[in-house]
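Here are the chains, one letter per residue:
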Amino acid sequence: MSGGPWRIGVLFSKTGVTADIETAQLNATLLAIEEINAAGGVLGRAVEPLVRDGASDPKRFRQEAERLIGQDGVKLLLGCYMSSCRKAVLPVIDGQRGLLFYPTFYEGFEFSREVIYTGAVVNQNAFQLAKYMLARHGQRVLIVGSNYIYPYETNRVMSDFVVQSRGKVVDEIYLPLEADASSPEIGRLIKRIRKHEPDFIFSTIVGRSTASFYEAYAEAGLSSQNMPIASLTTSEVDVANMGAGVAEGHISAATFFSTLQTPAARRFTAAYRAKYGQAAPIPSAAEAAYLQTHIAAAALARAGTDDPRRVLEEIKEVEFDAPQGRVRIDPDNHHAYLWPRVARVDANGEFQIVWNPGVRVKPDPYCVDQRIDDWSADFVEAPASGGR
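It should be emphasised that the depicted structure is a prediction, and the values quoted were computed from it without experimental measurement.

**Considerations on the pairing of strand 1 (residues 6-12)**
Argument step 1. Among the seven residues in strand 1, six count as buried, and that is most of the element.
Argument step 2. Relative to strand 2 (residues 47-53), strand 1 runs parallel, the two sharing seven bridges. Looking across to strand 2, one finds that G9 is bridged to L50.
Argument step 3. Between the parallel pair strand 1 and strand 2, the chain is carried across by helix 1 (residues 19-38), and the sense of this crossover is right-handed.
Argument step 4. In this structure, strand 1 lies alongside strand 3 (residues 76-79), joined through three bridges in parallel fashion. Bridge pairing in strand 3 places V10 opposite L78.

**Thoughts on the nonpolar core**
Argument step 1. One finds L77, V89, L129, I193, I201, F213 and Y217 to be the most contacted residues of the largest nonpolar core, which totals 132 residues.
Argument step 2. When sequence neighbours within four positions are dropped, the list of residues in contact with L129 reads F202, A230, S231, L232, I251, S252, A253 and V342.

**Details of helix 2 (residues 58-71)**
Argument step 1. A rise of 1.5 Å per residue sets the reference length of helix 2, with its 14 residues, at 20 Å; its end C-alpha atoms lie 19 Å apart and thus fit the reference within 8%.
Argument step 2. Listed in full, the buried residues belonging to helix 2 are F61, E64, A65, L68 and I69. Seen end-on, helix 2 carries its buried residues on one side only, within an arc spanning 125°. In helix 2, the exposed positions that point more than 90 degrees away from the buried face belong to K59 and Q71.
Argument step 3. Next to the buried residues of helix 2 lie strand 1, helix 1, strand 2, strand 3 and helix 3 (83-93).
Argument step 4. Remark: G73 follows helix 2 within two positions and exhibits a positive phi of approximately 75°.

**Some words on the packing of helix 2 against helix 3**
Argument step 1. Across the interface, helix 2 lies against helix 3 with an axial gap of 8 Å and an inter-helix angle of 30°. Once helix 2 is placed against helix 3, the crossing between them reads as right-handed. Between helix 2, through P58, F61, R62, A65, E66 and I69, and helix 3, the contact on the second element is made entirely by S84, C85, A88, V89, P91, V92 and I93.

**What to know about unusual backbone geometry**
Argument step 1. The backbone phi angle of S56 is positive, close to 55°, even though this residue is not glycine.
Argument step 2. Here S56 shows up in the loop between strand 2 and helix 2.
Argument step 3. Notably, H334 is not glycine yet its phi reads approximately 65°, a positive angle.
Argument step 4. Given the relative accessible area of 9%, H334 is considered buried.

**Notes on a nonpolar patch on the surface**
Argument step 1. Where nonpolar side chains cluster on the molecular surface, the patch consists of F109, F111 and Y366 and spans about 270 Å² of accessible area.
Argument step 2. Position of Y366 relative to the elements: it lies in the segment after strand 14 (351-355).

**A look at the pairing of strand 13 (residues 341-345)**
Argument step 1. In terms of residue burial, strand 13 counts as a mostly covered element, since four of its five residues are buried.
Argument step 2. Of the strand pairs in this sheet, strand 10 (residues 251-254) and strand 13 are connected by four bridges, and their pairing is antiparallel. If you follow S252 over to strand 13, its bridge partner there is A343.
Argument step 3. As defined by bridge partners, strand 13 adjoins strand 14 across four bridges and the pair is classed as antiparallel. Residue V342 lies in a different strand from strand 14, and its bridge partner there is W355.
Argument step 4. Once strand 13 ends, the chain turns through five residues before running back antiparallel as strand 14, passing G349 with a positive phi of about 80°.

**What to know about the sheet that holds strand 2**
Argument step 1. If you walk across this open sheet you meet the five strands as 2-1-3-4-5, and the pairing is parallel. Where the open sheet ends on each side, the last strands, each with one partner, are strand 2 and strand 5 (115-117). The average angle at which neighbouring strand axes cross in this sheet is 25°, direction not considered.
Argument step 2. With respect to the sheet, helix 3 is in contact with strand 1, strand 3, strand 4 (99-102) and strand 5, its orientation differing from that of strand 4 by roughly 165°.
Argument step 3. Along the sheet face, helix 11 (residues 308-315) touches strand 3, strand 4 and strand 5 and points at about 45° away from the line of strand 4.

Rules used in this analysis
Within any chain, residue numbers begin from 1 and follow the written order of that chain's sequence. Thresholds applied to this predicted model are a pLDDT of at least 70 for local features of residues and 80 or more for the giving and counting of side-chain atom pairs; totals over whole chains, interfaces and linings are not thresholded and use all residues. The basis for every side-chain value is the complete set of heavy atoms in the structure, and neither hydrogens nor water enter the calculation. Burial here depends on accessible area, computed with a 1.4 Å probe over protein chains only, as a share of the maximum for the residue type. Under 20% is buried, over 50% is exposed, and the range in between is partly exposed. Helix and strand definitions here come from DSSP, where helices need a minimum of 4 consecutive H or I residues and strands a minimum of 2 consecutive E residues; each element is numbered from the N-terminal end. Here, a strand pair is defined by DSSP locating no fewer than two bridges between the strands. For crossovers, right-handed means that the path from the first strand over the helix to the second runs clockwise, given strands pointing away from the viewer. Put simply, buried Ala, Val, Leu, Ile, Met, Phe, Trp, Tyr and Cys residues joined by side-chain atoms within 4.5 Å make one nonpolar core. By the convention used here, residues are in contact when the closest approach between their heavy atoms is within 4.5 Å. Take the residue count of a helix, subtract one, and multiply by 1.5 Å to get its expected span. Directions drawn from the helix axis to the C-beta atoms are what define this arc. Each axis is a line fitted through C-alpha atoms, taken for helices only over the stretch in contact, and angles between the N-to-C directions span 0 to 180 degrees. Crossings are assigned a handedness: left-handed for a near helix turned anticlockwise from the far helix by less than a right angle, right-handed for a clockwise turn. A patch consists of residues whose relative accessible area exceeds 30% and which take part in no salt bridge; residues with like charges are grouped when within 9 Å of each other, and nonpolar side chains (Val, Leu, Ile, Met, Phe, Trp, Tyr) when within 5 Å. For every accessible area listed, the method is Shrake-Rupley and the probe measures 1.4 Å; residues are considered covered only by the protein chains on display. By convention in these notes, a salt bridge is any Lys or Arg side-chain nitrogen within 4 Å of a carboxyl oxygen on Asp or Glu.

Right, here's the structure in full:
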């Protein structure tokens, strides 16, 4: 390869409460960069990642973003997990000083010209999970989440879906981000679940608190058979951190699961595990980090420059055969067209897809057109299809 490298900022947490899933996102980003460079780079120039640790702290994310853009001269950033950290970075890239590719499902209700959003918004995961759970498991829902932006906003939307379905939210509870097995808040949460006995729990708990909650749930004798936990945030990474059998029977919605058997998914999981270990968990957030890196490189190649304005002009022309399916960016709102699925954890701790409609869903980050009766309920008994 000739010429100097394209320097790209890579900003994820390698330490802190969300380090486990962000490390998977970092790994997937570096895998994609390795693939791009092995194929000749971008216009014959290598991609050089400048990796920084956001430490699960919004202030640290902002400092590292400022360092990458202000000192290192980076124009393109790949990263962020928690919404609080993404929002901390936005002022740094304002005025097209930089362009952030954000690979995490989030609450929506945001548009920034300087951000490309490649994770699911609520009409691409929460909507499908609500439809599935309300039709299959019942109408009484207890909602729990971590105490920050994403859970509050996503739980508000989920509450709307429940009410539209003539269901009832029996309680809504939030845990500190740092909550663990010794935290009294988890014990109080279990008591309130026992008190209300909902049909299912909807969880937007994130980070290491997830395993602590599920383990406390199992230790209390609560069962997925009659009261499953349904989640948008519980992933392969979280299940790997739990004891054997703890997550069995619980349900998640995502655009990718590592058990997906499309050719692109098999290639991705094989490459990821060859690089990071056969037991390495691969969550949907990692797949989003992988696909967005390839999309960023394709837009960079079309633009011939890392000027954010030129990259933005070209990205609307890019489509990528991602592990989840063919993905493109909506030029009107900078979010990605994605492929929703619902899965249940089996006895081996793997997510087995129980609903796969096989459709690519246009992003609606403002959730202005979604009603719970927009999709037929007949999918809940249908076998999984199109890429098990």
